[in-house]
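What the coordinates show
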Amino acid sequence: MSNVEVLSKLEEIVGKDFASNSPEELFIYSQDPGVSHPRPVDFVAMPETVEEVQQIVRIANEEKIPIIPMGGGMTLSGLVIPVKGGIVLDMKRMDKIIEINETSRYALVEAGVTSGQIISYLNEKYPDLRAPFPDAPPSITLAGNALIHGSGYLSQKYGDHGAMINGLEVVLANGEVLKVGSCAMSKYWFTRGPIPDLVGLFTSAFGTMGIVTKLSIKLFPKPKFRDIVIGLIKDLDTIPELVLNLTKTDIPEDLMVALAEKPDFMKGYAILMLYINGDTQEELASKTKILKKMYRKNKATFMKMPPKYYDIFLEQPQFAAKAADFRKGGGFEYVGSFMPLEKIPEAIEIARDISLKYGIVPTQVSRIIGRGHAVMFAASYSFNRADPEDMEKARKALHETNEMVLNLGGLPWKAELGGQKLMIEKMDPNYKMLLKTIRNIVDPNGIMNPGNWEV
Ligand SMILES: Cc1cc2nc3c(=O)[nH]c(=O)nc-3n(C[C@H](O)[C@H](O)[C@H](O)COP(=O)(O)OP(=O)(O)OC[C@H]3O[C@@H](n4cnc5c(N)ncnc54)[C@H](O)[C@@H]3O)c2cc1C
């Protein structure tokens, strides 16, 4: 089929306004806000229904055209920039919130529903419930984030967002629709067990196993009040024990350790950002009292949050980056990683050295996941988008950080192609073999976001 014929098929399926191969429209899909080099895209299509996704996938499969599912396109690590050209499937028109189950506490949503959308929907209609979302711009999709094991303000207590998926509806490479989780046999999308858990086939797969069209995600009760209790840490080696002791109290909801030279009050310390909540102000006050005592016992110092930063740090999604020193150009990308708690002090030191080596202001955040079972350690590198040399420095810093993470026993998160390559090199041969076998069965023509996780 010629390009003209493919475009006309896509237009037939989604409508003329929602398919394109014109360079000015493809331009935006050929890059993302991170430091990845732009790569060419052949088509973009914006389906509105599962049937439209099926029809597009069938054409792509017959014609062996790569297909790249895209949510908000905000991972920063180039995951939705095609590696081998093809059709970017922009899911934003599939934006229905299908069901909120208040008793089993889940939301069933289409794959294009954004975090901004679910936040305002719940605030308006279900003010006692809240959804898991990251501290990312509100245009990101719940599906895109949960599918990459994202994390957010609920992750300290309840785990990463991949763990909060109850079930998925997926269009496979042959165009068939698959349901995984309890929805495979029940009208309730409330759990992924007790049956063989196939949800994991689609998480952190970066769209290589199928196109997710619906997802059920856990919701949580919403306490009335929230506050932040800041601690200053001088000796990085005390972090693992301090974190363990804090998680034992079951008080912190969200727990982060940040290192940044800006704003000024953060310079010279690791800052413990500990979020608490409760239904009364008295409850918050008594929790704060326990935490202050805990800080003293663990060589951390309580600090009252400077008022000018208070609202910024309590915003949800939090965008503390507003308080940081982003140089002219405004670009930044980070290596996120899942790291064992005991390796955090070393990771902080090495990432700081990497930043200084490339003339970048050191900025790192460690978010505790699941009461300390893992830490989402992120080393951020800012760059001037108008300066190719500066961008190259950031690329080198990111690469060295990936190496550091793997050397310390951690795993790069939402890794870009270079990071995926390093991980594949380290992977157990039987894991690789199984991954390859499953992929060949699920996608024999290799059309699903090819180039990613290529073993
Ligand atoms: C300022 C800033 C702060 C951030 N803070 C956080 C944070 O606190 N926590 C966090 O977790 N992340 C954070 N991020 C990273 C990132 O933005 C998020 O993880 C984001 O949620 C990714 O969602 P998305 O919709 O943009 O996904 P996309 O980038 O569109 O997609 C991510 C991956 O999932 C695949 N995918 C998307 N949709 C589908 C689908 N329907 N079917 C199959 N595969 C699909 C894509 O192919 C891609 O491989 C931050 C980013 C920025 C810019």
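All values derive from a computational prediction rather than experimental measurement.

Definitions and cut-offs
- Residues numbered from 1 in each chain as written.
- Predicted model: local features only at pLDDT ≥ 70, side-chain atom pairs only at ≥ 80, totals over all residues.
- Heavy atoms only, no water.
- Helix = DSSP H or I, 4+ residues; strand = E, 2+ residues; numbered from the N terminus.
- Rg over C-alpha atoms; globule rule 2.2 N^0.38 Å.
- Buried < 20%, exposed > 50% of the residue type's maximum accessible area, 1.4 Å probe, protein only.
- Domains from an automatic or database assignment.
- Contact = heavy atoms within 4.5 Å.
- Buried area = accessible area lost by both parts, 1.4 Å probe.
- Salt bridge = Lys/Arg side-chain N within 4 Å of Asp/Glu carboxyl O.
- Polar contact = N/O pair within 3.5 Å; in protein donor to acceptor, adjacent residues only side chain to side chain.
- Near = heavy atom within 4 Å.
- Areas by Shrake-Rupley, 256 points an atom, 1.4 Å probe, with all protein chains shown as cover.
- Nonpolar A, V, L, I, M, F, W, Y, C, P; charged D, E, K, R; others polar.
- Pairing = 2+ DSSP bridges.
- Axes fitted to C-alpha atoms, helices over the stretch in contact; angles between N-to-C directions.
- Expected span 1.5 Å × (residues − 1).

1. Section: the overall build of the chain
Each helix and strand in the chain was counted, giving 13 helices and 19 strands. Its C-alpha atoms give the chain a radius of gyration of 22 Å, near enough to 23 Å, the size a compact globule of 455 residues would have. Principal axes of the C-alpha set define a box for the chain whose edges measure 70 × 55 × 45 Å. Among the 455 residues that make up the chain, the fraction classed as buried is 57%.

2. A closer look at the domain arrangement of the chain
Accessible area lost upon the coming together of the parts serves often as the stated size of an interface. Partitioning the chain into structural domains gives domain 1 (3-92), domain 2 (94-221) and domain 3 (225-413). Taking only C-alpha atoms into account, the centre of domain 2 sits 26 Å from that of domain 3. Counting residues at the interface gives 18 residues for domain 2 and 21 residues for domain 3. Area buried by domain 2 at its contact with domain 3 is led by D135, Q156 and K157, which between them contribute 45% of it. At the junction of domain 2 with domain 3, the criterion picks out two salt bridges. Between D135 and R367 there is a salt bridge; the shortest N-O distance is 2.8 Å. On the surface where domain 2 and domain 3 come into contact, there are 13 residue pairs in polar contact (both at pLDDT 80 or more).

3. Observations concerning the site of the ligand
Around the ligand there are 35 residues in total, and P69, G71, G72, T141 and S151 lie nearest to it. With respect to the ligand, the backbone of T75 contributes an N or O atom lying 3.4 Å from an oxygen atom. Within the side chain of T141, one N or O atom sits 2.7 Å away from an oxygen atom of the ligand. Protein chains shield 95% of the accessible area of the ligand, which is 980 Å² for the free molecule. Going through the elements one at a time, β3 (67-70), α5 (142-147), β10 (211-218) and β16 (331-339) are the ones with two or more residues in the shell around the ligand. Top element by residues in the shell around the ligand is α5. It accounts for three residues. Along the lines of polarity and charge, the residues of the shell around the ligand split into 20 nonpolar, 12 polar and three charged.

4. With respect to the sheet that holds β3
One open sheet accounts for four strands, arranged β1-β2-β4-β3; its pairing is mixed. One side of each edge strand has no neighbouring strand; the edge strands of this open sheet are β1 (19-20) and β3. In the sheet, β3 pairs with strand β4 (residues 87-90) via four bridges, with the strands oriented parallel. Residue pairing in the sheet places I68 in a bridge with V88 of β4. Packed onto the sheet, helix α3 (residues 50-63) meets β2 (43-45), β3 and β4 and runs at close to 170° relative to β4.

5. Regarding unusual backbone geometry
Cis geometry marks the peptide bond from G193 to P194, where omega comes out at -5°. Looking at the secondary structure, you find P194 in the loop between β9 (177-181) and β10. Cis geometry marks the peptide bond from Q316 to P317, where omega comes out at -5°. Position of P317 among the secondary structure elements: in the loop between α9 (307-314) and β16. Positive phi outside glycine occurs at F206, with the angle close to 55°. Along the chain, F206 turns up in the loop between β9 and β10. Residue F206 is classed as buried on the basis of its relative accessible area, which comes to 9%. Positioned with a positive phi, R371 is a non-glycine residue whose angle comes to about 55°.

6. Concerning helix α10 (residues 344-357)
Helix length check: α10, at 14 residues, gives a terminal C-alpha distance of 20 Å against a target of 20 Å (1.5 Å per residue), a fit within 8%. Looking at the packing, one finds that the buried side of α10 touches α7 (239-248), β13 (254-260), β16, β17 (363-369), β18 (374-383) and α11 (388-407). Downstream of α10 by a residue or two, G359 has a phi angle that is positive, lying close to 65°.

7. Re the pattern of salt bridges
Scanning all chains against the criterion turns up 19 salt bridges. A salt bridge links E253 to R130, with the shortest nitrogen-to-oxygen separation between them at 2.5 Å. With E253 in the loop between α7 and β13 and R130 in strand β7 (residues 129-130), this residue pair connects regions lying 123 residues apart in the sequence. Across the pair, exposure class does not vary: E253 and R130 are buried alike.

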